[in-house]
2 protein chains.
Amino acid sequence: MEKNESISRIQGAITRNSELFEELAQLYKIFADSSRVKILCALTQSEMCVSEISEFLSITQSAVSHQLRILKTSNLVKTRRAGKSIIYSLTDDHVRTIIDCGMDHIAE
Amino acid sequence: MEKNESISRIQGAITRNSELFEELAQLYKIFADSSRVKILCALTQSEMCVSEISEFLSITQSAVSHQLRILKTSNLVKTRRAGKSIIYSLTDDHVRTIIDCGMDHIAE
DNA sequence: TCCATATATGAGCATTTGTTCATATGTTCA
DNA sequence: TGAACATATGAACAAATGCTCATATATGGA
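Small disclaimer: the values here were computed from a predicted structure and weren't measured. (Residues numbered from 1 in each chain as written. Chains lettered and ligands numbered in written order. Predicted model: local features only at pLDDT ≥ 70, side-chain atom pairs only at ≥ 80, totals over all residues. Heavy atoms only, no water.)

Asks: Which parts of the structure should I look at to understand the relation of the copies chain B and chain A?
Replies: Note on the chain copies: they are related by a rotation about an axis and a translation along it. Screw-axis analysis of chain B against chain A gives a translation of 0.0 Å along the axis, an RMSD of 0.0 Å, and a rotation angle of 180 degrees. Put plainly, the chains are arranged around a two-fold axis. Relative to the rotation axis, the C-alpha of Tyr28 of chain B is the closest in chain B, positioned 2.8 Å from it. With an isologous cut-off of 70% or more, the 100% of interface residues of chain B that recur at the interface of chain A puts this contact in the isologous class. (Least-squares fit on C-alpha atoms with pLDDT ≥ 70 in both. Contact = heavy atoms within 4.5 Å.)

Asks: Explanation requested: the protein's contact with DNA strand C in the structure shown.
Replies: Surveying the vicinity of DNA strand C reveals 26 residues, the closest of which are Ser62 and Tyr88 of chain A together with Arg36, Ser62 and Gln67 of chain B. Those atoms of DNA strand C that come within 4 Å of the protein belong to sugar or phosphate at a rate of 66%. Take Ser51 of chain A: an N or O atom from its main chain is 2.9 Å from a phosphate oxygen of DNA strand C. Contact distances for DNA strand C include 3.5 Å between a sugar or linking oxygen and a backbone N or O atom of Gly83 of chain B. Mapped onto the surface near DNA strand C, the elements with two or more residues apiece are helix H4 (50–56), helix H5 (61–73) and strand S3 (85–90) of chain A together with helix H3 (34–45) and helix H5 (61–73) of chain B. It is H5 of chain A that provides the largest number of residues to the surface near DNA strand C, a total of five residues. Here the residues of the surface near DNA strand C sort into seven nonpolar, 12 polar and seven charged. (Near = heavy atom within 4 Å. Polar contact = N/O pair within 3.5 Å; in protein donor to acceptor, adjacent residues only side chain to side chain. Helix = DSSP H or I, 4+ residues; strand = E, 2+ residues; numbered from the N terminus. Nonpolar A, V, L, I, M, F, W, Y, C, P; charged D, E, K, R; others polar.)

Asks: Can you help me understand the protein's contact with DNA strand D in this one?
Replies: Around DNA strand D, the structure places 26 residues, and the nearest of them are Ser62 and Gln67 of chain A together with Ser62, Ser65 and Tyr88 of chain B. In DNA strand D, atoms within 4 Å of the protein come 67% from sugar and phosphate. Within the side chain of Ser62 of chain A, a nitrogen or oxygen atom sits 2.5 Å from a base nitrogen of DNA strand D. One of the side-chain N or O atoms of Ser62 of chain B is found 2.7 Å from a base oxygen in DNA strand D. With five residues, the top contributor of residues to the surface near DNA strand D is H5 of chain B. Partitioned by chemical class, the residues of the surface near DNA strand D number seven nonpolar, 12 polar and seven charged.

Asks: How do you make sense of the environment of Arg81 of chain B when you look at a structure like this?
Replies: Residue and element names in this part refer to chain B. With respect to the secondary-structure elements, Arg81 resides in strand S2 (residues 77–82). The class for Arg81 is exposed, based on a relative accessible area of 59%. Residues Arg81 and Cys49, 32 residues apart in the sequence, show an inter-C-alpha distance of 9.2 Å. A distance of 3.0 Å separates a polar side-chain atom of Arg81 from the backbone oxygen of Gly83. (Buried < 20%, exposed > 50% of the residue type's maximum accessible area, 1.4 Å probe, protein only.)

Asks: Is there a simple way to think about the interface of chain B and chain A in this case?
Replies: Interfaces are frequently sized by the accessible area removed from exposure as the parts join. Taken together, the contact between chain B and chain A spans 42 residues of the former and 42 residues of the latter. Counting each side, the surface lost to burial between chain B and chain A is near 4100 Å², with a carbon and sulfur contribution of 75%. Of all residues in chain B, Tyr28, His105 and Ile106 of chain B bury the most surface against chain A, accounting for 16% of the area lost on that side. Counting every contact that joins chain B to chain A gives zero salt bridges. The interface formed by chain B and chain A includes 12 residue pairs in polar contact (both at pLDDT 80 or more). For the side of chain B that touches chain A, the secondary-structure elements that each account for two or more residues are helix H1 (5–16), helix H2 (18–31), H3, helix H4 (50–56) and helix H6 (94–107) of chain B. The biggest single contributor to the side of chain B that touches chain A is H2 of chain B, with 11 residues. Across the side of chain B that touches chain A, the residue classes tally to 22 nonpolar, 10 polar and 10 charged. (Buried area = accessible area lost by both parts, 1.4 Å probe. Salt bridge = Lys/Arg side-chain N within 4 Å of Asp/Glu carboxyl O.)

As structure tokens, this is what we get:
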């Protein structure tokens, strides 16, 4: 059976960059939960503390903290302390771009 | 305790559009697996049949079929029959845009 | 210093997810 | 029509995920 040259090149490229795709999937995994994507979208509008985020998600403060830890570990958000509160904000504008990109698709 | 006007508006916007964010998370969920993202990236280069895709992923033909079904149900890919083979291709260019968007972030 | 408030963390649990195995469906060709 | 090939589907299962509950840590004010 003849083997298509072009397909073979593509297969090779994917295989060689396997780690890159793992990383890419890992990134999307972060956006793949409605709580997290809501948090991220809120933070594109303004920095917020944990309790403010808790207010509009219907989940406990604990759950919010767990999610924020994931976002922080992935370097998507950063924190600063303000008295008793911890203020969360986006580390850069990539998040906004990624969300917009997905929204564009949904809008069809 | 004083309630920040601007934060309150953001919270409201997120809550009102809750379903939209569910949908957005659902979209990212599709990209949140390395097998699927590899398939999608391959298809940005060329249409392919199932066995060609099986070749470069280290998973069984069955697993590939299951993943392709998810992609098709989500309308990210379409199919056509060519003899014994089923040829998969992207339904539109949004997929490419979304992948590029994520890649940009990884590149830092 | 003691208490209230704000956030973080660990254990436990139910749900979801991605894979494999076995098998069914569908197509081509002798 | 029957064998070989290509793909799809269902069941089963291990691993990952997101939540809650209980509790720990940290800050500010009386």
